[in-house]
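Now for the letters of each chain:
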Amino acid sequence: MGHEFIGVVEDAGSEVTTVKRGDLVVAPFAISDNTCAFCREGLHTSCAHPQAGFWDGEPEEGGQAEAVRVPLADGTLVKLPVAPDSALIPSLLTLSDVFGTGYHAAVAGGVNERTRVTVIGDGAVGLLAVLSAKRLGAEQIILMGRHAARTDLGREFGATDVVSARGEEGIAQVRELTGGHGTHAVLEAVGTMSILTASRPDIRTWPTARASRSSSSPDPSVMRRSTHVP
Ligand SMILES: [Zn+2]
């Protein structure tokens with residue numbers, strides 16, 4: 001969709017201090033100053049700056065174009081420590097959205113080496129939530145998904161168990177895998193309130209469920225606090 005992108009800086013405005021011509025940078029889907037109270041909390045999608053927003057809200061937005069003007073460049077762009085011609089670029093693009101979203105969910109869920117985690121959803125965000133939980137050292141990572149090709153990739157990324165069943169049967173299987181206790185955190189990567197509600201019985205200690213996709217959530221209070229971070 002072009003609402004997030006990776007690219008090389010062609011030119012920078014006179015007030016921009018953190019990036020310069022030639023830098024390889026990643027731009028998340030949110031435009032933010034990275035300095036306000038919300039940004040300091042890691043809630044860049046709630047940035048209070050008047051120019052903050054989303055690429056979809058810009059008059060001529062889009063990473064599909066040959067060039068794009070980036071508002072609040074110091075806050076929005078993140079300089080990457082690799083050369084612009086790096087073979088890693090296709091993978092690094094995931095930092096603009098899906099990886100950051102999965103990682104934010106894992107961090108917000110308090111995942112660490114003593115944590116058992118359930119990840120609901122085997123799409124890109126769910127799989128990268130698995131990878132993030134693995135990086136954070138989670139003791140057990142249960143991936144709930146029913147697409148074999150994706151859950152196989154999830155196992156490569158660090159899932160210790162896969163549950164394909166949904167609803168009560170799925171919850172029962174998660175409990176069985178955890179000695180009847182459920183997991184410390186549930187990372188919801190599907191994006192519906194029904195899924196978020198259904199995740200509660202899996203959780204040992206309320207409230208540690210974190211929604212990692214919120215665009216379809218009808219509840220603004222959930223949307224605000226279950227946000228993405230670049
Ligand atoms: Zn801000």
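Residues numbered from 1 in each chain as written. Predicted model: local features only at pLDDT ≥ 70, side-chain atom pairs only at ≥ 80, totals over all residues. Heavy atoms only, no water.

In the annotation of an unreviewed UniProt entry, the entry for the protein reads Threonine dehydrogenase-like Zn-dependent dehydrogenase, and the organism field reads Nonomuraea jabiensis. A UniProt comment under Cofactor (unreviewed entry) is attached to the protein, and it reads "Zn(2+)". (UniProt positions renumbered as here; feature names shortened; annotations may be inferred.)

### Brief notes about unusual backbone geometry
In this structure, N34 takes a positive phi of about 60° despite not being glycine. Here N34 shows up in the loop between strand 3 (30-31) and helix 1 (37-40). For L72, which is not glycine, the phi torsion reads 50° and is therefore positive. Considering the arrangement of structural elements, one finds L72 in the loop between strand 4 (53-54) and helix 2 (73-76). (Helix = DSSP H or I, 4+ residues; strand = E, 2+ residues; numbered from the N terminus.)

### A few points about the packing of aromatic side chains
For any two aromatic rings, the description comes down to two numbers: the centre-to-centre distance and the angle of the planes. Across all of its chains, the model carries two aromatic pairs by this definition. Where F29 meets F54, the ring centres are 6.4 Å apart and the plane angle is 10°; that geometry is what we call stacked. With a gap of 25 residues between them, F29 in the loop between strand 2 (24-27) and strand 3 and F54 in strand 4 connect regions that are remote in the sequence. A relative accessible area of 39% places F54 in the partly exposed class. (Phe/Tyr/Trp six-rings, centres within 6.5 Å; stacked < 30°, edge-to-face > 60°. Buried < 20%, exposed > 50% of the residue type's maximum accessible area, 1.4 Å probe, protein only.)

### As for the packing of helix 4 (residues 98-108) against helix 5 (residues 124-135)
Packing of helix 4 against helix 5 brings their axes to within 7 Å, and their N-to-C directions diverge by 55°. Taken as axis vectors, helix 4 and helix 5 run oblique relative to one another. Between helix 4 and helix 5 lies a crossing whose hand is right-handed. In this structure, helix 4 uses V98, F99, T101, G102, Y103 and A106 to contact helix 5, whose residues at the interface are A124, V125, L128, A129, L131, S132, A133 and R135. For the contact of helix 4 with helix 5, the class distribution of residues is 10 nonpolar, three polar and one charged. (Axes fitted to C-alpha atoms, helices over the stretch in contact; angles between N-to-C directions. Parallel < 35°, antiparallel > 145°, perpendicular 65-115°, else oblique. Left-handed = near helix turned anticlockwise from the far one by under 90°. Contact = heavy atoms within 4.5 Å. Nonpolar A, V, L, I, M, F, W, Y, C, P; charged D, E, K, R; others polar.)

### Digging into the sheet that holds strand 1 (residues 5-8)
Whether parallel or antiparallel, the strands of a sheet pair through hydrogen bonds between backbone atoms. Ordered in space as 1-2-5, the three strands form an open sheet in which the pairing is antiparallel. Of all the strands in the sheet, just strand 1 and strand 5 (78-79) have a single pairing partner and so form its edges. Judged from the four bridges that link them, strand 1 and strand 2 form a sheet pairing that is antiparallel. When the sheet's bridge partners are listed, G7 is paired in strand 2 with V25. (Pairing = 2+ DSSP bridges.)

### Describing the coordination of the zinc ion
Within the protein, the atoms that donate to the zinc ion are D33 (OD), C36 (SG), C39 (SG) and C47 (SG), at distances of 2.0 to 2.3 Å. We note that the donor set of the zinc ion lies within a single chain, spaced as D-x2-C-x2-C-x7-C. In terms of burial, C36 and C39 fall into one category: buried. (Donors = N, O, S within 2.8 Å, 3.2 Å for Na, K, Ca; no water.)

### Brief notes about the side chain of S96
By the element assignment, S96 lies in the loop between helix 3 (89-92) and helix 4. For S96, a relative accessible area of 3% translates into the label buried. One polar contact links the side chain of S96 to the main-chain carbonyl oxygen of L93, over a distance of 2.6 Å. Filtering out sequence-adjacent residues up to four positions away, S96 remains in contact with E4, F5, V26, A27, P28 and F29. (Polar contact = N/O pair within 3.5 Å; in protein donor to acceptor, adjacent residues only side chain to side chain.)

### Regarding the layout of surface pockets
Quantified by volume, the largest pocket comes out at close to 690 Å³. Forming the boundary of the largest pocket are 31 residues, of which D11, V68, R69, V70 and L77 lie nearest the centre. Sorting the residues of the lining of the largest pocket by element identifies strand 1 and helix 2 as the ones contributing at least two each. When residues of the lining of the largest pocket are assigned to their parent elements, the largest contribution, four residues, is made by strand 1. (1 Å grid on protein atoms, 1.4 Å probe; cavity = no way out; pocket = protein on both sides within 12 Å on 5 of 7 lines; lining within 4 Å. Points joined across faces, edges and corners; volume = space filled by probe spheres on them.)

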